[in-house]
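Residue-level structure breakdown
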Amino acid sequence: MNIAFIGLGNMGGPMALNLQKAGHKVQAFDLSQAACAKWAEQGLAIAASAADAVLGAEAVISMLPASQHVESLYLGDTGLLAQLASGTLVIDCSTIAAASAQKVARAATARGLPCLDAPVSGGTGGAIAGTLTFMVGGEDAALALARPLLEKMGANIFHAGAAGAGQTAKICNNMLLGILMIGTSEALALGVANGLDPKVLSEIMRRSSGGNWALEKYNPMPGVMDTAPAAKGYAGGFGTDLMLKDLGLAQENAAAVKASTPLGGLARSLYAAHSLGGQGALDFSSVIQILQKR
Ligand code: NAD
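Residues numbered from 1 in each chain as written. Predicted model: local features only at pLDDT ≥ 70, side-chain atom pairs only at ≥ 80, totals over all residues.

- In the annotation of an unreviewed UniProt entry, the protein is listed under the name 3-hydroxyisobutyrate dehydrogenase and assigned to Curvibacter microcysteis.
- According to its UniProt record, the protein has this under Catalytic activity (unreviewed entry): "3-hydroxy-2-methylpropanoate + NAD(+) = 2-methyl-3-oxopropanoate + NADH + H(+)".
- Checking UniProt for the protein, the heading Sequence similarities (unreviewed entry) contains the comment "Belongs to the HIBADH-related family." (UniProt positions renumbered as here; feature names shortened; annotations may be inferred.)

Encoded structure:
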């Protein structure tokens with residue numbers, strides 16, 4: 001398939017590469033020249049603009065930071081939707097507001113373009129390994145078209161419901177992730193303050209009732225897990241500011257449906273304090289820094 005892939009960041013780059021490795025013809029684009037240069041070196045064909053990338057494309061996949069980037073890419077007179085041939089499949093994998101995803105889906109449907117919101121979970125490790133979990137919102141028929149592509153980038157594909165439902169599932173998941181990373185960090189910092197070896201404590205909790213994804217795959221304490229962002233000075237991974245965005249989306253949504261999400265709100269405040277301290281670009285697991293003695 002001819003695929004246009006827009007957004008070659010920590011997630012989009014490896015996802016696009018997996019599609020190319022699977023035999024698809026990928027034309028990629030990112031606004032950042034550094035990102036384009038990095039992925040060109042890995043063998044991706046880079047287009048001069050998003051408009052050029054979609055020429056002849058049968059599917060467009062985007063992986064951008066937030067709602068405003070996705071809306072400006074697709075909507076309006078100069079947006080991509082206005083340029084795509086009828087029937088072109090549109091898949092947005094960014095984590096954005098469900099309302100924005102629905103806006104894009106409505107505009108795509110009006111132009112005869114099957115469209116899905118398909119945010120992901122699994123981190124950069126999952127993006128590289130092609131083992132992401134996709135949470136999909138949209139029509140069955142669009143998902144049937146997208147499934148062979150999603151299967152090249154992920155191991156689990158869930159149909160959450162109509163347009164926007166993938167995003168709603170994603171913010172529920174990330175609210176839980178944001179909370180559990182802080183809880184895990186607190187527990188590790190408490191143990192270390194009492195002289196425990198963080199590796200030993202991590203293993204005890206991983207195999208006990210406190211076991212969770214952070215302890216399995218993404219330990220926040222440096223020196224415990226070679227593959228986690230903590231081992232690389234919290235570079236790459238999932239930025240604190242992106243987690244802050246997701247927790248903000250969760251709180252906005254909770255306010256709209258009158259849900260009570262007190263820990264989600266507290267977690268948002270803690271990541272905001274961490275970001276204000278100048279660490280917004282670091283991986284979100286660096287939040288442990290505000291909980292431990294340095
Ligand atoms: P990132 O900041 O590393 O990459 C985003 C890329 O989009 C950047 O390279 C930026 O230059 C590019 N970009 C922005 N606007 C653009 C435009 N109009 N056209 C082309 N390129 C544009 O972010 P990421 O970590 O890859 O995350 C991308 C999305 O995936 C976010 O919504 C994030 O919340 C979500 N997500 C991230 C992770 C993770 O572990 N990093 C996991 C799951 C979901």
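After that view, the rundown keeps rolling.
**Some thoughts on the site of the ligand**
- As a structural note, the neighbourhood of the ligand is formed by 28 residues, with G9, M11, S32, T95 and F238 the closest of them.
- Classifying every residue of the shell around the ligand gives 14 nonpolar, 12 polar and two charged.
- Per-domain counts for the shell around the ligand show at least three residues from each of domain 1 (2-162) and domain 2 (168-290). (Near = placed C-beta within 6 Å. Nonpolar A, V, L, I, M, F, W, Y, C, P; charged D, E, K, R; others polar. Domains from an automatic or database assignment.)

**Things to note about the environment of D30**
- Mapping D30 onto the fold places it in the loop between β2 (25-29) and α2 (33-41).
- The residues contacting D30, other than those within four sequence positions of it, are G7, L8, A35 and C36. (Helix = DSSP H or I, 4+ residues; strand = E, 2+ residues; numbered from the N terminus. Contact = placed C-beta atoms within 7 Å.)

**Details of helix α8 (residues 165-193)**
- In this model α8 runs 42 Å from its N-terminal to its C-terminal C-alpha over 29 residues, within 8% of the 42 Å that 1.5 Å per residue would give.
- Of the residues flanking the end of α8, it is G195, one or two places downstream, whose phi is positive at about 90°. (Expected span 1.5 Å × (residues − 1).)

**Quick notes on helix α4 (residues 67-74)**
- Among all positions of α4, only S67, V70, L73 and Y74 are buried. Projection of α4 onto a plane perpendicular to its axis shows the buried side chains occupying an angular sector of 135°, all on one side.
- The inward-facing, buried residues of α4 contact β1 (2-6), α3 (50-53), β4 (59-62), β5 (89-92) and α5 (98-110). (Buried ≥ 20, exposed ≤ 12 C-beta atoms within 10 Å, placed from the backbone. Arc of directions from axis to C-beta.)

**With respect to the domain arrangement of the protein**
- Here the protein is partitioned into domain 1 (2-162) and domain 2 (168-290).
- Centre-to-centre separation of domain 1 and domain 2, based on C-alpha positions: 27 Å.
- Taken together, the contact between domain 1 and domain 2 spans 13 residues of the former and 15 residues of the latter.
- By residue number, the principal contributor to the side of domain 1 that touches domain 2 is helix α6 (residues 123-129), which donates three residues.

**Points about the packing of α8 against helix α11 (residues 240-257)**
- Axis separation between α8 and α11 bottoms out at 9 Å; the angle between their running directions is 120°. Put simply, α8 runs oblique to α11. α8 and α11 meet at a crossing whose hand is left-handed. On α11, the residues that touch I171, N174, M175 and G178 of α8 are M243, D246, L247, L249, A250 and N253. (Axes fitted to C-alpha atoms, helices over the stretch in contact; angles between N-to-C directions. Parallel < 35°, antiparallel > 145°, perpendicular 65-115°, else oblique. Left-handed = near helix turned anticlockwise from the far one by under 90°.)

**Some details on the pairing of strand β9 (residues 154-161)**
- Pairing analysis gives six bridges linking strand β8 (residues 132-137) to β9, with the strands arranged parallel. Note on β9: the bridge partner recorded for V136 is H159.
- Following the chain from β8 across helix α7 (residues 140-153) to the adjacent parallel β9, one finds a crossover that is right-handed. (Pairing = 2+ DSSP bridges. Right-handed = clockwise from strand over helix to strand, strands pointing away.)

**A word on the UniProt feature "domain: 3-hydroxyisobutyrate dehydrogenase-like NAD-binding" (unreviewed entry) in the protein**
- The positions UniProt marks with the feature "domain: 3-hydroxyisobutyrate dehydrogenase-like NAD-binding" (unreviewed entry) are residues 164-290.
- As a span, residues 164-290 carries 62% helix and 0% strand, and end to end its C-alpha atoms are 34 Å apart.

**Regarding the nonpolar core**
- Counting 89 residues, the largest nonpolar core has F5, I6, A16, A28, V60 and I91 as the members making the most contacts within it.
- Here the element with the most residues in this core is α8; it accounts for eight residues.
- For this core, the two domains that each supply at least three residues are domain 1 (2-162) and domain 2 (168-290). (Core = buried A, V, L, I, M, F, W, Y, C linked by C-beta atoms within 7 Å.)

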